[in-house]
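Now for the letters of each chain:
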Amino acid sequence: MSDPKTFFLDEEEIPFEEGQTIIQAALSAGKFIPHLCYHPEFKPHGSCKLCTVRIDSRTVTTEDGQSVKIPGRAAASCTTPAQEGQHVESEVPEILDLRRTLVQMLLVEGNHYCPSCEKSGKCMLQGLAYDLGVMDPHFPQYFSKREVDASHPDILLDFNRCILCELCVRASAEVDKKNVFALSGRGNTKHLICNSESGKLGDTNMAATDKAADVCPVGVILHKRHGFEVPYGQRRFDIAPISDNPVQYAPVKEQV
Amino acid sequence: MRHQFELETAKTPEALKRIVIEPVSRVEGHGKVTILLDDDNQVHQVRLHIVEFRGFEKFIEGRPYWEVPVLVQRLCGICPVSHHLAASKAMDMIVNGGILTPTAEKIRRLMHYGQMLQSHALHFFHLSSPDLLFGFDSDVGKRNIVGVAAANPDVAKMGVLLRKFGQEVIRVTSGKRVHGTGSIPGGVNKSLTAEERDYLLKDADQMIAWSRDAVRIIKQLHKSNPALYDVFGDVPTTMVSLVDEKGTLDFYHGSLRARDKDGEVIFDQVSYQGYNTLLTEGVKPWSYMKFPYITTLGEEKGWYKVGPLARVQNCDRIPTPQAEEERAEFVAYGGTKPMHGSLGFHWARMIEMLCAAETIKDLLLDPDIMGTDLMATGPRREEGIGVIEAPRGTLFHHYRVNEDDVVTYANLIVSTTNNNTAMNVAVRDVAKNYLNGHEITEGLLNHIEVAIRCFDPCLSCATHALGKMPLEVTLVNAQGQEIDRMTKDSEGRVAKGAA
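Residues numbered from 1 in each chain as written. Chains lettered and ligands numbered in written order. Predicted model: local features only at pLDDT ≥ 70, side-chain atom pairs only at ≥ 80, totals over all residues. Heavy atoms only, no water.

(A) Broad picture of the sheet that holds strand S8 (residues 265–270) of chain B. All names here are of chain B. An order of S8-S7-S6-S11 is seen for the four strands of this open sheet, with the pairing classed as mixed. The open sheet has two free edges, formed respectively by S8 and strand S11 (304–305), since each of these has just one partner strand. Two strands pair when backbone bridges link them, and strand S7 (residues 255–259) and S8 are joined in this way by three bridges, in the antiparallel orientation. What sits directly across from Ala258, in S8, is Phe267. (Pairing = 2+ DSSP bridges. Helix = DSSP H or I, 4+ residues; strand = E, 2+ residues; numbered from the N terminus.)

Right under this line is the structure:
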């Protein structure tokens, strides 16, 4: 049996198996790379860009003897295969600044009012914001006009919080085989829709037991009549910050 | 009863001098007082204006009902527990008809009495004691809590630690000192562990002792200067509060009782479910805060006061021994008629703080607070009304929730709103008695603020409404001549055209 292949993540040697992406190998090794649209049970999407890393930066010596760093290429670690000997930078100031800015843009694009959101304390966007040290939204609030769809008997959709990660779209299509959700529109009018004639969730065949009902990383898809049942101190990210939970989902290698 | 319209509107305001106290200090939220005086410093108009604008009633609409107890508490950072619990009580009605398990009710009561303790301590020690200990027109540079700490460190320490204890009770029951999530529709999300109970219990006796000391401080002030304390900001008016089925003081639940200014019962044991016919919310074009009144008595005679002075004189007894002893002495001090001097609020408030401290200890010794049965179920309804006695007075929350589980209607009457007319009458009384004909000084103007502070108003809570306020926009040219005007009345009717 040959030695496992390895690459370097922030100078730490990480083993990987052929076909694994950088984020898969990192999470399997207990190393957290921030992400929102990535989920090990679904095909990589590469849209949120939170998992962006810098690959194979080089240091060269100039004619006058000075060392100069040539930045490597930036890539989404959820769609980039791990390669032998690769040098990957994740927890470096430049990348952390980029992630912080992405989170700030997501926070102002939607209407994320954490104090009254049931997902507060278990929301990945909020968890990442805390972890990245986001102290304010920085950008002007969009105040997007978005609706609540309460037409389904068991599930409520609060579109105010949608980050367009398409996890619900993928879960409904790939696992539930129902195609309940889709994205519509382009640019800053892009939005989540329900595939029914009325456009209402209540007119789809979604069930509260569907995979799509529990996959939302933020507070869009909520089970009705349940809110704030977990006290402060016992919520997911009260117990440990998001970066201390490197394996957010049980990786399912064979589905990659 | 004093006429509420006296000094509300001057006949010729354009010919008068205008003094503005803005912001009113050492109260919660932002407000201002305008005073119009003639050349002889005779007062012609006094108004307490609430200049904040919030809008909670409107943006609650369309939200899922389970968010509401957590969302509406953001009305206030001082007594969020009151809004949290009033909304929870209303939502209990919707999810199960208003049933609670013994553990859930006692945890909520513990949270609420912790709230009462911390809010009353904050108000008395941090906000009002500088006036009471140093004098209304004392050196303004020292008339604050820092000055109190320098001159009376034991009093300041007592206030800080009493408030801290109340906030710890809130934290243990709701998860956070401010804006916790403990109460949810149909119950609570946690009870106490033995460690949490013991942590609070170890300080309970000290809190009772300090609360009793606080009652003694304010009682002594009254008895040493009755000419000031018994009559300052005198507002003889109807008093409204909740009492339990036996007429006993209860901050968490009960039925409505009203006494007139002479102490005669106007109504008693009236279910708060009928509050919206019992009360009418009046509006005035110069304030964002409404002016409620008892419907059957009409706008002119139906205004009332709520809060400690109303509660302590409305009830027949207080359920804890030391506070009941103090209540009896308070009532005896007033003689055959209720006390209506605004400074009496402080005395009554400290009696309530003592009651809260005693009740917290009783609840901590009750094994139900460590129970595991947290949620109750029952038949679903579309409408819920929750009423509670908040630190500043009776607080009404009313919601309708449709079959899709979202709120379609919200109406809140907060404690300070109930006191709106009474506060205005009090400042007019003080203005008339202290300002008329005098050279206006900072100390004299502070008398106006002292009168407002007696009511412990929370102005940010009181400006939650949206869409019902009369508005007037006037367009004037460079010479000051009106060229156009647009008005919206309280029903939302818009009229345009130059006057």
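(B) The arrangement of the interface of chain A and chain B in detail. Contact residues are listed per partner, giving 19 residues for chain A and 22 residues for chain B. Summing both partners gives a buried area of about 1700 Å² for chain A against chain B, and 61% of it is carried by carbon and sulfur. In terms of surface lost to chain B, no three residues of chain A exceed Arg225, Phe228 and Tyr232 of chain A, which account for 38% of the buried area on that side. Seen at the junction of chain A and chain B, the total is four salt bridges. Inspection of the region where chain A meets chain B yields five residue pairs in polar contact (both at pLDDT 80 or more). (Contact = heavy atoms within 4.5 Å. Buried area = accessible area lost by both parts, 1.4 Å probe. Salt bridge = Lys/Arg side-chain N within 4 Å of Asp/Glu carboxyl O. Polar contact = N/O pair within 3.5 Å; in protein donor to acceptor, adjacent residues only side chain to side chain.)

(C) Representation of the state of the cysteines within the structure. Within this structure, the stated rule accounts for zero disulfides over all chains. Lacking any disulfide linkage, Cys165 of chain A is separated from the closest cysteine sulfur, that of Cys216 of chain A, by 6.1 Å. (Disulfide = S-S within 2.5 Å.)

(D) Region of the structure containing the domain arrangement of chain A. Residues and elements named next belong to chain A. By the assigned domains, chain A splits into domain 1 (5–91) and domain 2 (114–226). Computed from C-alpha coordinates alone, the two centres of domain 1 and domain 2 are separated by 29 Å. At the junction of the two partners, domain 1 supplies 13 residues and domain 2 supplies 16 residues. A combined buried area of about 1200 Å² lies between domain 1 and domain 2, and 69% of that area is made up of carbon and sulfur atoms. On the domain 1 side of the contact with domain 2, Leu36, Phe42 and His45 bury the most area, a combined 53% of that side's loss. Applying the counting criterion to the domain 1 and domain 2 interface returns four residue pairs in polar contact (both at pLDDT 80 or more). Tallied by class, residues from the side of domain 1 that touches domain 2 come to seven nonpolar, four polar and two charged. (Domains from an automatic or database assignment. Nonpolar A, V, L, I, M, F, W, Y, C, P; charged D, E, K, R; others polar.)

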